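# Examination of the molecular architecture
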Amino acid sequence: MDDDTPQPATAKVVVRGLVKEYDDFQRGKVRAVDGLSFEAHAGEIMGLLGPNGAGKTTALRILATLLHPTDGVALVNGFDCQQQSELVRRQIGFISANTAVYDRMTAWEFVEYFGKLHGLGGVELSERIDTLFDHLEMQPMRDTLGAKMSTGMKQRASIARALIHDPPVLIFDEATNGLDVLAARAVLDTVSHLREQGKCLIFSTHIMREVERLCDSVAVMHRGRILAQGTIEELSDLHHQNDLEELFFQLIRDADAAAQEALDA
Ligand SMILES: Nc1ncnc2c1ncn2[C@@H]1O[C@H](COP(=O)(O)OP(=O)(O)OP(=O)(O)O)[C@@H](O)[C@H]1O
């Protein structure tokens, strides 16, 4: 990797007033993200919790430099996702439920290929892959072709791919969708382990148990906005509700009722 890259001391994600509108052929303008603001810090897992269509993937794809925002700012480690996308990509690893592997590459070749794209090579790269394969328990599948991998194996390969350049910020977008309990548990264990290494993690999900088990803070998102944000204890105290699932339903119900009232007025 380029050693001249400025490396701020603390990995951090800052999102301020982020807006994303899509031009939808059938629905016209769709405001998928509507003034979103949050921060995520090093050594912490921030949960982004929201129902289908809340705007989680859109927001995270902006952070991953895959989409341009309509308005607002998203910074990764101080670098602007829109203006400095190349630098942001070096700071970030993005894992979703449907990251593809290549049918004709083995797990090892796949991760090596992405390592090379990040400018790694030689012994440094093979040692790094070896360490990652140890941690992710991928040694038995190192020669398995993408076409022969199970869903859980594909997800492990995708995680190794996202970690190969050792980025300080990791984004998991509904990364356990479609995995069986064992494979999902392996992903959650990896996320915990990455926190111990001081990484800044954003973990989007609609599964409450994953949030309760993993996250240091949580932002509840609906209709492109954040309805509530804080630690689970802070949210429980503020809304007088200890059950996260109930709290989630309550927040969504209240927001929908307020939106309906505004429409009726
Ligand atoms: N390319 C697109 N064109 C038009 N509308 C889109 C596009 N992508 C997403 N949307 C819309 O934006 C809104 C937010 O979608 P998004 O996928 O970001 O939400 P999400 O919280 O990730 O949902 P899910 O959990 O279902 O993945 C939805 O109304 C969706 O239909």
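These numbers come from a predicted model, not from an experiment.

## Focus on the environment of glutamine 260
With respect to the helices, strands and loops of the structure, glutamine 260 is situated in helix H9 (residues 244–264). In this structure the C-alpha to C-alpha distance between glutamine 260 and threonine 190, which are 70 residues apart in sequence, comes to 41 Å.

## Points about the layout of surface pockets
The volume enclosed by the largest pocket comes to roughly 650 Å³. Taken together, 27 residues make up the lining of the largest pocket; nearest its centre are Ala64, Leu66, Arg89, Phe94 and Arg161. Counting residues per element, the ones that place at least two in the lining of the largest pocket are helix H1 (56–63), helix H2 (85–91), strand S6 (92–96), helix H3 (107–117) and helix H5 (151–163). Per element, the largest residue contribution to the lining of the largest pocket is 4 residues, and it comes from S6. Partitioning the lining of the largest pocket into residue classes produces 9 nonpolar, 10 polar and 8 charged. Looking at the second largest pocket, its volume works out to about 340 Å³. Around the second largest pocket, the lining is made up of 22 residues, and of these Leu132, His135, Leu136, Thr190 and His193 lie nearest the centre. In terms of residues, the lining of the second largest pocket owes the most to one element, helix H6 (residues 181–196), which gives 7 residues.

## Focus on the UniProt feature "domain: ABC transporter" (unreviewed entry) in the protein chain
Following the UniProt record, one finds the feature "domain: ABC transporter" (unreviewed entry) at residues 13–248. Counting secondary structure, residues 13–248 comes out at 38% helix and 28% strand; the distance between its end C-alpha atoms is 24 Å.

## Description of the nonpolar core
By size, the foremost hydrophobic cluster in this structure holds 50 residues, and its most contacted members are Phe133, Met138, Ile164, Phe172, Val191 and Phe203. With 6 residues, the top contributor of residues to this core is H6. Excluding residues within four positions of it along the chain, phenylalanine 203 makes contact with Ile45, Met46, Gly47, Leu48, Phe172, Leu188, Val191, Glu210, Leu214 and Cys215. Of all hydrophobic cores here, the second largest spans 27 residues; its members include Ile62, Ala74, Val169 and Ile202.

## What about H9?
The first and last C-alpha atoms of H9 sit 30 Å apart over 21 residues, in line with the 30 Å expected at 1.5 Å per residue. What H9 keeps buried is the set Leu244, Leu247, Phe248, Leu251 and Ile252. End-on view of H9: buried residues confined to an arc of 130°, all on one side of the axis. For H9, exposure combined with an orientation more than 90 degrees from the buried face picks out Arg253, Glu261 and Asp264. The N-cap residue of H9 is aspartate 243: its side-chain oxygen and the backbone nitrogen of glutamate 245 are 2.9 Å apart.

## A look at the side chain of threonine 176
With respect to the element layout, threonine 176 can be found in the loop between strand S7 (169–173) and H6. We classify threonine 176 as buried; its relative accessible area is 5%. Here glutamate 210 takes part through its side chain, which lies 2.7 Å from a polar atom of the side chain of threonine 176. If we ignore the near neighbours within four places in the chain, the residues touching threonine 176 are Ala184, Val187, Leu188, Ile207 and Glu210.

## Overview of the packing of aromatic side chains
On inspection of all chains with the given rule, the structure shows 8 aromatic pairs. The interplanar angle of 70° and the centroid separation of 5.3 Å between the aromatic rings of phenylalanine 110 and phenylalanine 114 together place this pair among those described as edge-to-face. Note that phenylalanine 110 and phenylalanine 114 are positioned in helix H3 at a spacing of 4 residues, about one turn of the helix. Exposure class is identical for phenylalanine 110 and phenylalanine 114. Each is buried. Feature note: the residues Tyr102, Phe110, Tyr113 and Phe114 constitute an aromatic cluster, connected by ring pairs. Lying across the ring of phenylalanine 114, arginine 161 places its NZ or CZ 3.9 Å from the centre.

## Some details on the site of the ligand
In the region of the ligand, 14 residues are neighbours, and Gly53, Gly55, Lys56, Thr57 and Thr58 sit closest. Between glutamate 174 and the ligand, the recorded distance is 3.1 Å, taken from a side-chain N or O atom to an oxygen atom. When isolated, the ligand has an accessible area of 640 Å², and the protein chains bury 67% of it. Per-element accounting of the shell around the ligand gives the leading share, 3 residues, to H1. Across the shell around the ligand, the residue classes break down as 5 nonpolar, 5 polar and 4 charged.

About the thresholds
- Residues numbered from 1 in each chain as written.
- Predicted model: local features only at pLDDT ≥ 70, side-chain atom pairs only at ≥ 80, totals over all residues.
- Heavy atoms only, no water.
- Helix = DSSP H or I, 4+ residues; strand = E, 2+ residues; numbered from the N terminus.
- 1 Å grid on protein atoms, 1.4 Å probe; cavity = no way out; pocket = protein on both sides within 12 Å on 5 of 7 lines; lining within 4 Å.
- Points joined across faces, edges and corners; volume = space filled by probe spheres on them.
- Nonpolar A, V, L, I, M, F, W, Y, C, P; charged D, E, K, R; others polar.
- UniProt positions renumbered as here; feature names shortened; annotations may be inferred.
- Core = buried A, V, L, I, M, F, W, Y, C linked by side-chain atoms within 4.5 Å.
- Buried < 20%, exposed > 50% of the residue type's maximum accessible area, 1.4 Å probe, protein only.
- Contact = heavy atoms within 4.5 Å.
- Expected span 1.5 Å × (residues − 1).
- Arc of directions from axis to C-beta.
- Polar contact = N/O pair within 3.5 Å; in protein donor to acceptor, adjacent residues only side chain to side chain.
- Phe/Tyr/Trp six-rings, centres within 6.5 Å; stacked < 30°, edge-to-face > 60°.
- Lys NZ or Arg CZ within 6 Å of the ring centre and 35° of its normal.
- Near = heavy atom within 4 Å.
- Areas by Shrake-Rupley, 256 points an atom, 1.4 Å probe, with all protein chains shown as cover.

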